[in-house]
Amino acid sequence: MTSPLASEAAPFGRVLTAMVTPFTREGELDLDAAQKVASHLVDHGNDGLVVSGTTGESPTTTVAEDGRLLAAVLEAVGDRATVIAGVGTNDTRHSVELAEQAKKTGAHGLLIVTPYYSKPPQSGLLAHFTEVAHAGDDTPVMLYDIPGRSATRIADETYLQMAGDPLIIAMKDAVGDLDRGAWLMNETGLKIYSGDDTLNLPWLAMGAAGVVSVVAHAAGREYAEMVAAVDAGDLPAARAINTRLQPAVRAMMNHTQGAITSKAALQLLGVLDHRTMRAPLPAATEEEVAIVRDGLDASGLLKR
């Protein structure tokens, strides 16, 4: 299925949230809450969502749950936002199963993270990405390079080998090497999406297609304004937005895991009734909620 917002410059949209997965107080998948969150995010500046990513607690959800969640989000916002399914794991066969399911369900794209913990060699990465990407048939793919979590960085040579694959068209960068990113954009034609909220503005200024954000749970409109300012060549305006959002970014990204703070933020905004997580991630403590509240307030995100 083609995204309603696909373009050559930004095939998955411009401002995407790595969406949380809501659970009931008993820890079961809450599809009504998921649709509420998805609708809220799209109503507040996001033109794309990633479901079943790390922030969506994907290591704790089943294949069946991932399929039900994807279907629910597509039903809620799939005609006005790009919906990308996270299908990457450290088991190629499992990832293939998820990619096939996402294709059948109607995902607009696939997010494939570097296989974590196993530390495969580059030949293994190449084979994994290629097999999983093509399991989704004609569904376009965004790779996710995050060595801080996966322990393995995708080598430049591996990107070059994948550059000719018509399905692998973008990458979410959480490596933080802007010079390398510029080289990759020039040499491979891949579209880069910022995968680190602290570097959203630098990436956009370097020519990134957009952002895949955690903080956009609370600041989607502001990031959309930042993207528009960069597009218009108004760096002072973009810089002012970035500066205003710094307290929120620091509060949500510097103290504990982003999935934890994102659910706290959504509860503070009245979107989620509670902030239940699945083990091993604990729900935000009252102290952590206070940090998030202060950060959102300092950035003007609680007064809208």
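Reading the values: rules and limits
Residues numbered from 1 in each chain as written. Predicted model: local features only at pLDDT ≥ 70, side-chain atom pairs only at ≥ 80, totals over all residues. Heavy atoms only, no water. Buried < 20%, exposed > 50% of the residue type's maximum accessible area, 1.4 Å probe, protein only. Helix = DSSP H or I, 4+ residues; strand = E, 2+ residues; numbered from the N terminus. Pairing = 2+ DSSP bridges. Right-handed = clockwise from strand over helix to strand, strands pointing away. UniProt positions renumbered as here; feature names shortened; annotations may be inferred. 1 Å grid on protein atoms, 1.4 Å probe; cavity = no way out; pocket = protein on both sides within 12 Å on 5 of 7 lines; lining within 4 Å. Contact = heavy atoms within 4.5 Å. Expected span 1.5 Å × (residues − 1). Polar contact = N/O pair within 3.5 Å; in protein donor to acceptor, adjacent residues only side chain to side chain. Salt bridge = Lys/Arg side-chain N within 4 Å of Asp/Glu carboxyl O.

*Asks:* Whenever I open this one, the pairing of strand S1 (residues 15-18) confuses me. Can you help?
*Replies:* Strand residues, when the strand is regular, have side chains that alternate between the two faces of the sheet. Both faces of S1 are covered, namely the face carrying Val15 and Thr17 and the face carrying Leu16 and Ala18. Pairing geometry for S1 and strand S8 (residues 210-213), over three bridges, is parallel. Residue pairing across strands places Thr17 opposite Ser213, the latter belonging to S8. Strand direction decides the pairing type here: S1 and strand S2 (residues 48-51), joined by three bridges, are parallel. Of the residues in S2, the one forming a bridge with Thr17 is Leu49. Regarding the hand of the β-α-β motif, the stretch spanning S1, helix H1 (residues 31-43) and S2 is right-handed.

*Asks:* Is there a simple way to think about the UniProt feature "active site" (unreviewed entry) in the protein in this case?
*Replies:* In the numbering used here, UniProt assigns the "active site" (unreviewed entry) feature to Tyr144 and Lys172. For this annotated set, covering 29 residues, all C-alpha atoms fall within 4.7 Å of each other, a compact arrangement in space. Annotated residues from the preceding list that form part of the lining of the largest pocket: these are Tyr144. In this structure, Tyr144 sits in strand S5 (residues 141-145). For Tyr144, a relative accessible area of 7% puts it in the buried group. With residues near it in sequence (within four places) discarded, Tyr144 still touches Thr54, Leu111, Ile112, Val113, Thr114, Lys172 and Ala174. Mapped onto the secondary structure, Lys172 falls in strand S6 (residues 168-173). Beyond its immediate sequence surroundings of up to four residues, Lys172 is in contact with Leu111, Met142, Leu143, Tyr144, Asp145, Tyr193, Gly195 and Val212.

*Asks:* Would you explain H1 in this entry?
*Replies:* Given 3.6 residues to a turn, an α-helix orients residues that are three or four positions apart in the same direction. With 13 residues, H1 should reach 18 Å at 1.5 Å per residue; the first-to-last C-alpha distance of 18 Å fits that figure. Inspection of H1 places Ala33, Ala34, Gln35, Val37, Ala38, His40, Leu41 and Val42 among the buried residues, and these make up the whole buried set. Buried residues along H1 sit in contact with S1, S2, helix H2 (63-77), helix H9 (216-231) and helix H11 (258-268). Capping the start of H1 is the job of one residue whose side-chain oxygen sits 3.4 Å from the backbone nitrogen of Asp32: Asp30. Count one or two residues on from H1 and you reach Gly45, which has phi positive near 100°.

*Asks:* Looking at this structure, how should I read the pattern of salt bridges?
*Replies:* Between side chains of opposite charge, pairing is possible as soon as their charged atoms come close. All told, the structure shown has nine salt bridges when counted by the stated rule. Residue Arg14 is joined to Asp231 by a salt bridge in which the shortest nitrogen-to-oxygen separation is 2.9 Å. One end of the pair, Arg14, is in the segment before S1; the other, Asp231, is in helix H9, and 217 residues separate them in sequence. For the salt bridge of Arg275 with Glu286, the shortest nitrogen-to-oxygen distance reads 2.9 Å. With Arg275 in the loop between H11 and helix H12 (286-298) and Glu286 in helix H12, this residue pair connects regions lying 11 residues apart in the sequence. In this structure Glu286 comes out as exposed when scored by relative accessible area, which is 55%. A single network of salt bridges, built from pairs that share partners, joins Asp145, Asp156 and Arg180.

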